[in-house]
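# Structural description and commentary
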Amino acid sequence: MSNASPALFTLPAPRGPARPAKPKTVLSYGLGADSTAILLMYLAEPVRYGLEPDLSDLIVLHAVTGNEWPSSLSYVDRLVLPLLAERRVRVVQVARMGRSDSDGVLVLDDSRTTRRIHQAGPWRLSDWLLTGGTVPQMASGRRTCSIRFKGWVLDHWAVAEFGQAPFRRVIGYHAGERSRMEKDTKIQNLLNEKAGRVICEPSYPLIEAGMDREAVEAYVLDRLGEPIQKSYCTFCPFSGVCASRDRHEARLREHPDLAAEALAMEYASMALNESMSLYGTRSLYEQLTEDGRNEAVLTAFEERLDAAPFSLYEVRRLYLPGRTKDCRRHHGARCVRPRWWCRTERTAACRREHTQVETLGDGTHTELPTECAGRDDGCQGSPVKGQAWRSVRTVWEGPRLEAEFTLMRWGREDGVRLRHGERSMIKRLHYLNRGEGYPAAEAYLVAAPSGADDKHRESFERRWTEFTGLIGTRWEPVRPLVRHRRPRGTRAVPVIRPSGVAHVTALAAA
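All of the points below concern the structure found in this document. A quick note: this is a predicted structure, and the numbers were derived from the prediction, not measured.

### Concerning the sheet that holds strand 15 (residues 440-449)
Read across the open sheet, the five strands follow the order 12-7-15-14-13; overall the sheet is antiparallel. Sheet topology places strand 12 (385-398) and strand 13 (418-420) at the edges, where each strand pairs with a single neighbour. Between one strand and the next, the sheet's axes are offset by a mean angle of 30°, whatever the strand orientation. Pairing of strand 7 (residues 310-321) with strand 12 involves 11 bridges; the strand directions are antiparallel. Along strand 12, the bridge assignment pairs Tyr319 with Ala388.

In structure tokens:
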């Protein structure tokens, strides 16, 4: 018989080293064909794409800009979300909480049974553009709108969700967008290198599958039985790329209220800056008036202007000189003792005849234009354009018709001639006309829809006086002005700030 004591409990079996947690997969969902195709591919064959069979490690992340087409929202609500809810895929919807980055990011929805895509959050992309008195910028090549209302929001949510834990980020670039993929990969690699390890691993399934735009749309149509339209904001300056002109204008005619909103935004922008139209050298208004199919849209636009409160804005603008390549090469980041060639390009003739070549210590050669005083007729080329500084100040508010009468009356009283914009035909009182070259300055009074912030750089007044000899503005405000209010239909709710996360169960969005 054994003398061993009975065991009180069973000891656990020895375990090996803990397996590292599998990184989550985050799909940046833009509601369009590309990201929808990836979702359908994941639903059909999750294991093939490195996901768990039950899709428990997939997060569908959508940034709500507030200005998406209703047809895109409806398409996803009807055909995509039921599929995700059936498989209990986690869907997260986030948006900017306010105009400042310090306001944080708001979680509008975080659920495995999502039934609808939110139309808007507390601070829409259009709110930001209207308070800035501008339209989306396209000249710089940077998609600032996407950076502020998509990239920034998604990145801050990811930091709050994962911290320093690695995750896989999936982006819907198709095979025709390899240049965008390469740029995005380069940025992400730099961020990982800065962190000292891989935090975010980018993934581009459509490019890996060799699917171009046509193949993507055919795939979605085959799976969902209904063609999908391009997803983009109603006032996107790249709408000519997102859709053909005919298809874009057809969408505007289907939603004349949204078309009127885009036209009103462009009107306000061009009132403050004649060249700031939606399509650079062309305006949306010009395109819609070129044929006879858009009368309802143009009528809705005029009705919107008539109903909107108007302001008289005093706009002052400085066109500062820039720096030449010669100046940056020889004077570095700052030009303390500028020469004539620092602000004016040198001509080819000047470079041939008035250039001294110096050999540097590393054996390289550099051109020194110091022998030329710039007095010869063939030496100085065009001045280099620098930054344009703008000051906007609201001096009057009231109905549109009264605003236009007040503008004309003030012009007569002050002896300032009324001028029309060359493209917009918007009336302005120019009391300082822009000259040639740089620096240059202009100032005028203009009537436009209310909403643009009063703003200028801290050193604007000093530079304005230096260049023009004028002190301050010409007109003083003549009636109390309406201050900023919280966007209609929203209420204060918790936010994600850079240091933490908060979730919201309900939001009365506009």
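### Side note on the pattern of salt bridges
In the structure shown here, the tally under the stated rule is 33 salt bridges. Of the charged contacts in the structure, one is a salt bridge between Glu286 and Arg423, with a shortest N-O distance of 3.7 Å. In this pair, Glu286 sits in helix 11 (residues 284-288) while Arg423 sits in the loop between strand 13 and strand 14 (427-432), placing the two residues 137 residues apart along the sequence. Asp326 is paired through a salt bridge with Arg351; the nearest N and O atoms lie 2.8 Å apart. Note that Asp326 is positioned in helix 13 (residues 325-331) and Arg351 in helix 14 (residues 348-353), a separation of 25 residues in sequence. We classify Arg351 as partly exposed; its relative accessible area is 29%. Taken together, the salt bridges that share partners define one network made up of Arg245, Glu249, Arg282 and Glu290.

### Regarding helix 9 (residues 245-254)
Residues of helix 9 that are buried include every one of His248, Glu249, Arg251 and Leu252, and no others. One side of helix 9 holds all its buried residues, which, seen down the axis, span an arc of 150°. Facing away from the buried side of helix 9, by more than 90 degrees, are the exposed residues Arg247 and Glu254.

### Concerning helix 10 (residues 256-272)
Taking 1.5 Å per residue as the helical rise, helix 10 with its 17 residues ought to reach 24 Å, and the 24 Å between its terminal C-alpha atoms agrees with that figure. Among the 17 residues of helix 10, 15 are classified as buried, and the element is accordingly described as predominantly covered.

### Notes on the environment of Arg317
Mapped onto the fold, Arg317 is located in strand 7. Owing to a relative accessible area of 4%, Arg317 belongs among the buried residues under this scheme. Each C-alpha atom, one on Arg317 and one on Asn273, is 9.3 Å from the other, the two residues being 44 residues apart in sequence. In contact with Arg317, other than residues within four places in its own chain, are Leu272, Asn273, Trp389, Arg390, Ala440, Ala441, Glu442, Tyr444 and Trp464.

### Considering the packing of aromatic side chains
The full count for this structure, using the stated rule, is 11 aromatic pairs. With a centroid separation of 5.8 Å and an interplanar angle of 45°, the aromatic rings of Trp128 and Phe149 are classed as tilted. With Trp128 in helix 3 (residues 125-132) and Phe149 in helix 4 (residues 144-162), the pair connects residues that are 21 residues apart, well separated along the chain. Looking at Phe149, the relative accessible area reads 1%, which means it is buried. A network of ring pairs unites the aromatic residues Trp157, Phe162 and Phe167 as a single cluster. Note that Arg96 overlies the ring of Trp152, its terminal NZ or CZ placed 4.4 Å from the centroid.

Reading the values: the criteria
Residues numbered from 1 in each chain as written. Predicted model: local features only at pLDDT ≥ 70, side-chain atom pairs only at ≥ 80, totals over all residues. Heavy atoms only, no water. Pairing = 2+ DSSP bridges. Helix = DSSP H or I, 4+ residues; strand = E, 2+ residues; numbered from the N terminus. Axes fitted to C-alpha atoms, helices over the stretch in contact; angles between N-to-C directions. Salt bridge = Lys/Arg side-chain N within 4 Å of Asp/Glu carboxyl O. Buried < 20%, exposed > 50% of the residue type's maximum accessible area, 1.4 Å probe, protein only. Arc of directions from axis to C-beta. Expected span 1.5 Å × (residues − 1). Contact = heavy atoms within 4.5 Å. Phe/Tyr/Trp six-rings, centres within 6.5 Å; stacked < 30°, edge-to-face > 60°. Lys NZ or Arg CZ within 6 Å of the ring centre and 35° of its normal.

By themselves, these figures tell us nothing about what the structure is for.
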